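The residues making up each chain are set out below.
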Amino acid sequence: MRGLAAAAVIAAGALTLAGCGGSDGSGSGGGEAELSVGSAYIPQPVSDMAAGFLTITNEGDAADRLTSVSSDVAGQVSVHETVDGAMQEVEALDIPAHGSLVLESGGNHLMFEQLKRKPKQGQTVSVELRFAHSDPVTVEIPVKSATYTPKTGH
Ligand SMILES: [Cu+2]
């Protein structure tokens, strides 16, 4: 059911963006990325930084990249990957065609730094995701308990 709520937000964003007039010149090379965001959550932070997790699904014929992120609650949001248990900032993360980019606990994640307020369980945080090719997507991410872990599908 979380997925439905996120999809509704995306749809609203897409309608707004359609008014800007589709960017021309993107038709070459066959296909475009078709992105949707699901399974998004932020564990209530226990320090002055917060992490965010979500899955970006690409149903299109072209790959895209998550290049930058911003939020109303943070002075800076960076994209991190986890290597050997240590996290490090990355320039961008690939979203393969007909595939997905998964940000999950222990792996890739968003890092909210310079928090302007501490997100509390039950609130939502507005996050804008920007891509190399696709239009930006704004997601309202629910804040879960500090120990929340999503059910895995397997
Ligand atoms: Cu991090």
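Since this is a predicted model, take the numbers as computed values, not measurements.

Comments concerning the overall build of the protein chain
Secondary structure summary: the protein chain contains 1 helix and 10 strands in total. Traced from its N-terminal end to its C-terminal end, the protein chain shows the element sequence α-β-β-β-β-β-β-β-β-β-β. Burial status across the protein chain gives 36% buried among its 154 residues. Relative to all contacts within the protein chain whose residues are 6 or more apart in sequence, the contacts with residues 24 or more apart total 70%. In the form shown here, the protein chain has an accessible surface area of approximately 8,600 Å², with 51% of it arising from carbon and sulfur atoms.

What about the coordination of the copper ion?
Within the first shell, the copper ion binds the protein through His80 (ND1), Met87 (SD), His109 (NE2) and Met111 (SD), at distances of 2.1 to 2.2 Å. For the copper ion, the donor residues sit on a single chain with the sequence spacing H-x6-M-x21-H-x1-M. With Met87 in strand S5 (residues 86–89) and His109 in strand S8 (residues 109–115), the pair connects residues that are 22 residues apart, well separated along the chain. The class of His109 is buried, set by a relative accessible area of 7%.

Digging into the environment of Leu101
Relative to the assigned elements, Leu101 resides in strand S7 (residues 99–103). Here Leu101 falls in the buried class, since its relative accessible area comes to 5%.

Parameters at a glance
- Residues numbered from 1 in each chain as written.
- Predicted model: local features only at pLDDT ≥ 70, side-chain atom pairs only at ≥ 80, totals over all residues.
- Heavy atoms only, no water.
- Helix = DSSP H or I, 4+ residues; strand = E, 2+ residues; numbered from the N terminus.
- Buried < 20%, exposed > 50% of the residue type's maximum accessible area, 1.4 Å probe, protein only.
- Contact = heavy atoms within 4.5 Å.
- Areas by Shrake-Rupley, 256 points an atom, 1.4 Å probe, with all protein chains shown as cover.
- Donors = N, O, S within 2.8 Å, 3.2 Å for Na, K, Ca; no water.

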